[in-house]
2 protein chains.
Amino acid sequence: MNKWQTQLFVDPSDGRVMSLDTYVSAKPYHLLAEALQDDLAAMDRLIQERMQSRNAPLIPEIAAHLVEAGGKRVRPMLTLAVARLFGYRGEDHHRLAATVEFIHTATLLHDDVVDESRQRRGRPSANLLWDNKSSVLVGDYLFARSFQLMVETGSLPVLGVLSQAAAILAESEVLQLSAAASLKTSEEMHLSILRGKTAALFAAAAEVGGIVAGASERQVEALREFGDAFGIAFQIADDLLDYFGDADATGKEPGNDFRERKLTLPVIKAVANASAEERAFWQRTIERGEQKDGDLERALELIDRHGAAAAAREQALEWSARAKGALELLPDHELRDMLHDLTEYVVVRLV
Amino acid sequence: MNKWQTQLFVDPSDGRVMSLDTYVSAKPYHLLAEALQDDLAAMDRLIQERMQSRNAPLIPEIAAHLVEAGGKRVRPMLTLAVARLFGYRGEDHHRLAATVEFIHTATLLHDDVVDESRQRRGRPSANLLWDNKSSVLVGDYLFARSFQLMVETGSLPVLGVLSQAAAILAESEVLQLSAAASLKTSEEMHLSILRGKTAALFAAAAEVGGIVAGASERQVEALREFGDAFGIAFQIADDLLDYFGDADATGKEPGNDFRERKLTLPVIKAVANASAEERAFWQRTIERGEQKDGDLERALELIDRHGAAAAAREQALEWSARAKGALELLPDHELRDMLHDLTEYVVVRLV
């Protein structure tokens, strides 16, 4: 199980040859993005507009570097899709989607400074191209802008949800810093960090889409549950793919987390079952960061040997199932089905 | 004009011996803090409470390091004083004062990372005691918390004012980064950065105190004008004191800005009148940062020679006068008189 689905595949729609993983990967995101294309375009215009700064040209420069590299925009798509499936006809969902993307982008900028990353979305990271100072300050600017955008909606419930998510996100970043690279980090602690760092913003993104569209309290609660579970499944999958994914499909060099000494679920599970000699390996490579040739291969082998990868995948599947369950409480709608497929996809690529 | 008012003085209230500057310095802040002591205590409790983090003990640790070092809390005092002088009887002004202090503290944490500072408020800076990573992430946390606090007031006008101030502040930080250490920075550009970095938060602090207390539109406008002018006067004075102040009184080593190659008003004015040889001095020390023994003394001499210090002081006095003028539009109240004295004081210490 060193790679999933790397056989070649021809996309029937445009004849492009790619790995099956790339094709499957493109599909649910692509369909959702297509269904939301007008909304995404409106959001992009808003993002373009709010990244501008008459005085500080460095801001749009750095922000554009990240935004144009184009992550999958999963978070803002949740907001847009949810607002639409509740029949929303206004424009505040564009502001909220842009808010969510700004918060996410600001976090990426600061994360890269903290992790001393060299790559982001397959490009050199901003802290490498400019410097840490610029990444810190432009991140602050995007963060402040995101608050201005959400305030413009004039919805206090929305402001409550998003400002809480931002606080949980920031707290979890600090928590991760303390826990980072310590093999003592329990699976429970790890889940709590992952939930705060990733799932909280997914949950908020889904919730505010519902709130702005006038969803009932029970539905908003279901949206929160959906976003939370989807976010956890998404992140566990991402952490697995970092070890076992196909670089062409993920756009990331495998073993990145290992090199950056990130303690993710596969490693935590492998450590829990490690022999004394294996524990020494993890202490050297993760805790002390002394890595040499062949270490990544050995890490992969250990993660596989103890069934850590299989167990992590199992957990991702469970959270995905929980997310799909929460979707059942939403109105029957084509977009709900697409969210269902997306939820399935983020883990199906692991099978 | 190398030092102002360093003669010794005995405080009649407690017999403490100090420089006159320290005594005068303590006075208007002290009187205002005394008049607002219940409000400040309530704000401090709120700050204590919101700095806590069950999961990440690093947060209260770092935040307490800064908050307990205790700046003069000028910004939150503006909010509290203004709310009170409009007869406010609720509790939202505590939330807003804490919000303003959190935004300010978050900015200090990030500033110290960007400036690679070693001291803050007479103590080693957080980035030195912990590390840059912690300063970045704890700053983010305080920033996020500040938004949560302001959302709790449920006042959309307040949210509009504060989120805009935060965006202007962040934009000016980026702008300063681009302008930093370039002798090409014009006085006009410098004023615009100073206004954004310092005065915007002073203005917002005063404004939201009025808004929450139901001040009229015209009064809120006057509060904005007061805070803006007060902030500019305050910052120009601070920049002058960095060169000519008494370390005992200011709590800062003189020449800090020079060593950190900060282009402040006294230097900009000296550069504008510099001979070719003097220009070469500023290029070497500020632009290229090549400094040696005796350079600070030479800088002081040049700033003095061209009347740059006197001209900067003149400007500070003008802004202070403008701030006092704006206060005239507020209700007659003991606290208004105290704000008047404080406005006078921040520049009187320069005379």
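Residues numbered from 1 in each chain as written. Chains lettered and ligands numbered in written order. Predicted model: local features only at pLDDT ≥ 70, side-chain atom pairs only at ≥ 80, totals over all residues. Heavy atoms only, no water.

Before going further, it helps to examine the overall build of chain A. Helix and strand counts for chain A come out as 17 helices and four strands. Burial statistics for chain A: of 351 residues in total, 58% are counted as buried. Counting every atom, chain A has about 14,000 Å² of accessible surface; 47% of that belongs to carbon and sulfur. (Helix = DSSP H or I, 4+ residues; strand = E, 2+ residues; numbered from the N terminus. Buried < 20%, exposed > 50% of the residue type's maximum accessible area, 1.4 Å probe, protein only. Areas by Shrake-Rupley, 256 points an atom, 1.4 Å probe, with all protein chains shown as cover.)

This part covers the packing of helix α4 (residues 74-85) of chain A against helix α10 (residues 217-244) of chain A. All names here are of chain A. Two elements in contact, α4 and α10, have axes whose closest approach is 12 Å; the angle formed by their N-to-C orientations is 155 degrees. Overall, the two elements α4 and α10 adopt an arrangement that is roughly antiparallel. The way α4 lies across α10 gives a crossing that is right-handed. Contacts between α4 and α10 pair V74, L78 and V82 from the former with L223, F226, F230 and F234 from the latter. Residues belonging to the contact of α4 with α10 are distributed by class as follows: seven nonpolar, no polar and no charged. (Axes fitted to C-alpha atoms, helices over the stretch in contact; angles between N-to-C directions. Parallel < 35°, antiparallel > 145°, perpendicular 65-115°, else oblique. Left-handed = near helix turned anticlockwise from the far one by under 90°. Contact = heavy atoms within 4.5 Å. Nonpolar A, V, L, I, M, F, W, Y, C, P; charged D, E, K, R; others polar.)

For the rest of this paragraph, the subject is the interface of chain B and chain A. Listed by partner, the interface residues are 37 residues for chain B and 37 residues for chain A. Across the chain B/chain A interface, buried area totals approximately 3,400 Å², and carbon plus sulfur atoms make up 77% of it. Looking only at chain B, the three residues that lose the most surface to chain A are B:L137, B:E171 and B:V174, adding up to 17% of its buried area. There are zero salt bridges connecting chain B and chain A. On inspection of chain B and its partner chain A, the count reaches four residue pairs in polar contact (both at pLDDT 80 or more). Of all the elements in the fold, those that place two or more residues in the side of chain B that touches chain A are α3 (58-69), α5 (92-115), α7 (132-152) and α8 (156-179) of chain B. Split by residue class, the side of chain B that touches chain A holds 20 nonpolar, 10 polar and seven charged. (Buried area = accessible area lost by both parts, 1.4 Å probe. Salt bridge = Lys/Arg side-chain N within 4 Å of Asp/Glu carboxyl O. Polar contact = N/O pair within 3.5 Å; in protein donor to acceptor, adjacent residues only side chain to side chain.)

A word on the pattern of salt bridges. All names here are of chain A. Tallied over the full model, the rule gives 40 salt bridges over all chains. R195 is paired through a salt bridge with D228; the nearest N and O atoms lie 2.7 Å apart. Of this pair, R195 sits in helix α9 (residues 187-212) while D228 sits in helix α10; the two residues are 33 residues apart in sequence, bridging distant segments of the chain.

Residues and elements named next belong to chain B. Axis separation between helix α14 (residues 276-287) and helix α15 (residues 295-305) bottoms out at 11 Å; the angle between their running directions is 135 degrees. Overall, the two elements α14 and α15 adopt an arrangement that is oblique. Note that α14 runs across α15; the crossing there is left-handed. Between α14 and α15, the residues in contact are E277, E278, F281, W282, R284 and T285 and D295, R298, A299, L302, I303 and R305, respectively. Taken together, the residues that form the contact of α14 with α15 break down as five nonpolar, one polar and six charged.

Another point: helix α13 (residues 265-272) of chain A. All names here are of chain A. For α13, the buried fraction is high: seven of the eight residues fall into the buried class. Among all positions in α13, only L265, P266, V267, I268, K269, A270 and V271 are buried. Of the surrounding elements, those touching the buried residues of α13 are α9, α10, α14 (276-287), α15 (295-305) and α16 (308-327).

A few words on helix α16 (residues 308-327) of chain B. With 20 residues, α16(B) extends 29 Å from end C-alpha to end C-alpha; this agrees with the ideal 28 Å at 1.5 Å per step. Here the buried face of α16(B) lies against α9 (187-212), α10 (217-244), α13 (265-272), α15 and α17 (334-348) of chain B. (Expected span 1.5 Å × (residues − 1).)

Another point: the relation of the copies chain B and chain A. For the match of chain B to chain A, the screw axis carries a shift of 0.0 Å, the RMSD comes to 0.0 Å, and the turn is 180 degrees. Each copy turns onto its partner about a two-fold axis. Taking the C-alpha atom as reference, chain B places B:V136 closest to the rotation axis, 3.6 Å from it. Taken as a fraction of all interface residues of chain B, those also at the interface in chain A reach 100%, which identifies the copy contact as same-surface. (Least-squares fit on C-alpha atoms with pLDDT ≥ 70 in both.)

The next point concerns the side chain of B:E278. Residues and elements named next belong to chain B. Note that E278 resides in helix α14. We classify E278 as buried; its relative accessible area is 4%. Here the side chain of E278 touches H306 through a polar contact of 2.6 Å, side chain to side chain. Each residue touching E278, except ones within four places of it in the same chain, is listed here: N273, R298, L302, R305 and H306.

Moving on, we come to the packing of aromatic side chains. On inspection of all chains with the given rule, the structure shows 21 aromatic pairs over all chains. Where A:F230 meets A:F234, the ring centres are 6.2 Å apart and the plane angle is 20 degrees; that geometry is what we call stacked. One end of the pair, A:F230, and the other, A:F234, are both in helix α10, four residues apart, so they sit about a helical turn from each other. With a centroid separation of 5.2 Å and an interplanar angle of 75 degrees, the aromatic rings of A:F281 and A:W282 are classed as edge-to-face. Here A:F281 matches A:W282 in class, with each residue buried. Joined through ring pairs, the aromatic side chains of A:F143, A:F147, B:F143 and B:F147 make up one cluster. Here A:R298 stacks its cationic end above the ring of A:F281, 5.4 Å away from the centre of that ring. In this structure, B:R322 is placed above the aromatic ring of B:W319, and the distance from its NZ or CZ to the ring centre is 4.1 Å. (Phe/Tyr/Trp six-rings, centres within 6.5 Å; stacked < 30°, edge-to-face > 60°. Lys NZ or Arg CZ within 6 Å of the ring centre and 35° of its normal.)

A separate point is unusual backbone geometry. At A:R261, a residue that is not glycine, the phi angle is positive and equals roughly 60 degrees. Among the secondary structure elements, A:R261 is positioned in the loop between α12 (256-259) and α13.

It is worth spelling out the nonpolar core at this point. Taken as a class, soluble globular proteins show a tendency for nonpolar side chains to be buried jointly. Ranked by size, the top nonpolar core spans 238 residues in total, and within it A:F230, A:W282, B:F230 and B:W282 carry the most contacts. In this structure, B:F230 is in contact with B:V74, B:L78, B:F202, B:A323, B:L342, B:T343 and B:V346, ignoring residues within four places of it in sequence. (Core = buried A, V, L, I, M, F, W, Y, C linked by side-chain atoms within 4.5 Å.)

As a further point, take the environment of B:F86. Here B:F86 is to be found in the loop between α4 (74-85) and α5. Setting aside its immediate chain neighbours within four residues, B:F86 contacts B:G210, B:A213, B:A215, B:Q219, B:L223, B:L330 and B:P331.

On to the environment of B:H333, then. Residues and elements named next belong to chain B. Tracing the backbone through its elements, the reader meets H333 in the loop between α16 and α17. Sequence separation of H333 and R84 is 249 residues, and the distance between their C-alpha atoms is 9.3 Å. Other than its neighbours up to four places away in sequence, H333 contacts R84 and L85. A distance of 2.9 Å separates a polar atom in the side chain of H333 from the backbone nitrogen of L335.

By secondary structure assignment, the location of B:T285 is in helix α14. Of the polar contacts made by the side chain of B:T285, one reaches the backbone oxygen of B:F281; its length is 2.9 Å.

On to the confidence of the model for chain A. Mean pLDDT for chain A: 87, with 86% of residues reaching 70 or above. Every residue in residues 1-18 of chain A scores below 50 in pLDDT, and together they form 46 contacts with partners more than four places removed in sequence or on other chains. (pLDDT = per-residue confidence, 0-100.)

The subject of this paragraph is the environment of B:Y243. All names here are of chain B. Structurally, Y243 is set in helix α10. With relative accessibility at 3%, the residue Y243 sits in the buried group. Spatially, the C-alpha atom of Y243 lies 12 Å from that of D295, the residues being 52 residues apart in sequence. Every residue in contact with Y243, bar those within four places of it in the chain, is listed here: P254, F258, T264, V267, L296, L300 and I303.

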